[in-house]
Number of protein chains: 2
Amino acid sequence: MSARELVVLGTASQVPTRHRNHNGYLLRWDDQGILFDPGEGTQRQMQGAGVSAGGITRVCVTHFHGDHCLGLPGVIQRLSLDRVPHPVPVHFPAGGAEYFNRLRYASSFYETATVLPAPVTDGWSADLGAFTLTARRLVHSVEACGYQLVEPDSRRIVPELLAAHGVTGPAVGVLQRTGRLDLGDGRDVTLGQVSAPRPGQRFAFVMDTGLCDAVFALADRADLLCIEATFLNEDAALAAEVGHLTAAQAARVARECGVRRLVLTHFSQRYGQDEYEPDGRYLTEARAEFGGEIVLARDLMRVDVPPRVRVDA
Amino acid sequence: MSARELVVLGTASQVPTRHRNHNGYLLRWDDQGILFDPGEGTQRQMQGAGVSAGGITRVCVTHFHGDHCLGLPGVIQRLSLDRVPHPVPVHFPAGGAEYFNRLRYASSFYETATVLPAPVTDGWSADLGAFTLTARRLVHSVEACGYQLVEPDSRRIVPELLAAHGVTGPAVGVLQRTGRLDLGDGRDVTLGQVSAPRPGQRFAFVMDTGLCDAVFALADRADLLCIEATFLNEDAALAAEVGHLTAAQAARVARECGVRRLVLTHFSQRYGQDEYEPDGRYLTEARAEFGGEIVLARDLMRVDVPPRVRVDA
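What you see is a predicted model; the values in this text were computed from it and never measured.

Caption draft 1: Seen up close, the overall build of chain A. Scanning chain A from terminus to terminus reveals ten helices and 18 strands. Computed over the C-alpha atoms, the radius of gyration of chain A is 22 Å, within 12% of the 20 Å expected from 2.2 N^0.38 for a compact globule of 313 residues. In terms of overall dimensions, chain A has C-alpha extents of about 75 × 50 × 35 Å along its principal axes. Across the 313 residues of chain A, 57% fall into the buried class. Restricting the contact set of chain A to residue pairs at least 6 apart, pairs at least 24 apart contribute 67%.

Caption draft 2: Representation of the UniProt feature "active site" (unreviewed entry) in chain A. Residues and elements named next belong to chain A. Taking the numbering used here, the UniProt-annotated feature "active site" (unreviewed entry) corresponds to Asp-67. Given the relative accessible area of 9%, Asp-67 is considered buried. When residues no more than four places from it in sequence are discounted, the contact partners of Asp-67 are Ser-13, Gln-14, His-22, Asn-23, Gly-39 and His-266.

Caption draft 3: Main features of the interface of chain B and chain A. With 38 residues of chain B in contact, the opposing surface of chain A contributes 38 residues. Carbon and sulfur atoms make up 52% of the area that chain B and chain A hide from each other, which totals about 2,800 Å². The largest share of the area that chain B buries against chain A comes from Glu-40, Arg-44 and Ser-108 of chain B, three residues that together contribute 24% of it. At the boundary of chain B with chain A, the tally comes to 18 residue pairs in polar contact (both at pLDDT 80 or more). Elements represented by at least two residues in the side of chain B that touches chain A include exactly α1 (42-49), α2 (66-69), α3 (72-81) and α4 (97-104) of chain B. Partitioning the side of chain B that touches chain A into residue classes produces twelve nonpolar, 19 polar and seven charged.

Caption draft 4: Looking closely at the UniProt feature "binding site: Zn(2+) 1" (unreviewed entry) in chain A. Within this structure's numbering, the places UniProt gives as "binding site: Zn(2+) 1" (unreviewed entry) are His-63, His-65, His-140 and Asp-208 of chain A. The largest pairwise C-alpha distance within this set of annotated residues, which runs over 146 residues, is 10.4 Å, so the set is compact in three dimensions. Tracing the chain through its elements places His-65 of chain A in the loop between β4 (58-60) and α2 (66-69). Leaving out residues up to four positions away in the same chain, His-65 of chain A has contacts with His-140, Ser-141 and Val-142 of chain A together with Ser-107 and Ser-108 of chain B. Excluding anything up to four places from it in sequence, Asp-208 of chain A contacts His-63, His-68, Leu-138, Val-139, His-140, Ala-144, Glu-228, Gly-243, His-244 and His-266 of chain A. Among the polar contacts made by the side chain of Asp-208 of chain A, one reaches the side chain of His-68 of chain A at a distance of 3.1 Å.

Caption draft 5: Looking closely at the sheet that holds strand β4 (residues 58-60) of chain B. Residue and element names in this part refer to chain B. In space, the seven strands of this open sheet follow the order β6-β5-β4-β3-β2-β1-β18, with mixed pairing throughout. Of all the strands in the sheet, the pair left with one neighbour each is β6 (115-120) and β18 (302-304). Averaged over all adjacent pairs, the angle separating strand axes in this sheet is 20 degrees, with direction ignored. Pairing between strand β1 (residues 4-10) and β18: three bridges, direction antiparallel. Along β18, the bridge assignment pairs Leu-6 with Val-303. Together, β1, β2 (24-29), β3 (32-36) and β18 form the strand contacts of α1, whose direction differs from that of β1 by roughly 125 degrees.

Caption draft 6: The arrangement of the pattern of salt bridges in detail. Under the criterion given, the structure shown has 40 salt bridges over all chains. Asp-82 of chain A is paired through a salt bridge with Arg-78 of chain A; the nearest N and O atoms lie 3.3 Å apart. Overall, Arg-78 of chain A belongs to the buried group, its relative accessible area being 14%. Taking the shortest distance from any N to any O, the salt bridge between Glu-98 of chain B and Arg-102 of chain B comes out at 2.4 Å. Placement of the pair is Glu-98 of chain B and Arg-102 of chain B together in helix α4, with a separation of four residues, close to one helical turn. The structure contains a network of salt bridges with shared partners spanning Arg-4, Asp-30, Glu-151 and Arg-308 of chain A.

Caption draft 7: Structural detail: helix α9 (residues 247-257) of chain A. Residues and elements named next belong to chain A. Residues Ala-247, Ala-248, Ala-250, Ala-251, Val-253, Ala-254 and Cys-257 constitute the buried set of α9. Close packing links the buried residues of α9 with α7 (213-219), β15 (224-228), β16 (261-265) and α10 (281-287). Two residues or fewer past α9, Gly-258 is found with a positive phi of approximately 70 degrees.

Conventions and cut-offs
Residues numbered from 1 in each chain as written. Chains lettered and ligands numbered in written order. Predicted model: local features only at pLDDT ≥ 70, side-chain atom pairs only at ≥ 80, totals over all residues. Heavy atoms only, no water. Helix = DSSP H or I, 4+ residues; strand = E, 2+ residues; numbered from the N terminus. Rg over C-alpha atoms; globule rule 2.2 N^0.38 Å. Buried < 20%, exposed > 50% of the residue type's maximum accessible area, 1.4 Å probe, protein only. Contact = heavy atoms within 4.5 Å. UniProt positions renumbered as here; feature names shortened; annotations may be inferred. Buried area = accessible area lost by both parts, 1.4 Å probe. Polar contact = N/O pair within 3.5 Å; in protein donor to acceptor, adjacent residues only side chain to side chain. Nonpolar A, V, L, I, M, F, W, Y, C, P; charged D, E, K, R; others polar. Pairing = 2+ DSSP bridges. Axes fitted to C-alpha atoms, helices over the stretch in contact; angles between N-to-C directions. Salt bridge = Lys/Arg side-chain N within 4 Å of Asp/Glu carboxyl O.

So this is what it looks like as structure tokens:
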């Protein structure tokens, strides 16, 4: 089981189908679990995916249309029922605070868990230690934002370089902590001399939006991009009108942003209600724009964040 | 397809399982569709059961615990999305109005359907033409009520009696409309002479409650009783403490009230999480109290209202 993966909980747009629940995506990132857009039924989908409420450390809501947020009360209440001990921040577009407040206390429950409302506005960003989380305003019929998670670049120790400099045992720890080591013979060695760059990994989550600069900013160099692809080319004009993307547009974003693995989701039911596989044109039209890896999301699928690109010293 | 049946949409208590969604029950009664306790995911369960939003003519919520009402926003929004033309009254315990208001506008949507909030208090009753709907306060940790639907008694024309009195053709209609017919030979015939009693049918819906008089009043002579049976005998003390019924108590109610068909639901997960069939003791313990027909509810099951008892003239 990868420590960094996207657990897909639901993939329908607007209306659930037999095979597709409303939205829901849990990003497992080492010891963090970030739940994006819990649509109605997310609590039950978690059960199917083997995800417990305790595995959720943060929630990010892109906007307050029902298919992206009506599962929030169930998730919040489940945190309390399961006595989840850690506080759980919930991010959402600040303009939707009224909806958040209704969903938070949508029905009577015994509150034991700590939910921390953390509204975001365009450009909001927070250094959360393991990564920086950024929100950007998107273009939709209600205030909506996408999220980007960026792990800082760092360096990895290369054993061969340690050996070449004769650094062994506890000295390795000193070098890692202080960045420099006195070798005792008049020479010293720096961390840079025994390590190689380790590019941070990136994840982006882009839901309901028309194509805009913010989409490209969010998707920039994402190792994994989860993005709505509601419409096919034949409905491109409609997509623009109602603030949605086509599969081709989503794929073009992936190409221009250097995305490594592209997850398309939020398929419209208009192209074949209740099909386990979405209309074949989703893949064809995306493939025409993007040569990288394309995943058509299915409920309860797990998608790894691709392994790091190894950069030599 | 029976015109009077209970479509079971969900049967879990508190926490959904792989085989059991949160609560949800649609009573199809001729041209009416009364949705009881839409828990989270009801909208999607409707899809599985082949029930459309347009088939809902009324909603009855027993109380505002999440497993009985978190599907309300999805259902309400679906009424608008599907442009359901008829207004839909929603009943709920008056003390929970604040929760109803939050659920009604839990997220942003384009409202086209007409939802009519219709709060109820203990003893509330309304003559709705085809039947009388009554609510009674139950005993639970929050304000809760059960519902009873009573069709008025009437009479059915008996063809053999019509023939015996020589009433044929359009005269039958006159007799039905006016209750009396001049036979033109000095005699007349009354509706009573050519008809037999037709007892009205009854349905009762009893969710989370400790055993109390109101449960018996609601279940009185029900043709079909849908009732929670959360606990087994071994947890009877706990059941009383938290305001719930055991299967044996629910069955005792059925016996004492002359219920014809008993539907048990809302099974606790403690006796075997995620089993398609609930623990065998539910049936054994209920059977010890009630000799009539017992149905252990399963998701997407349909239960007919039993055929009328035929009363001869």
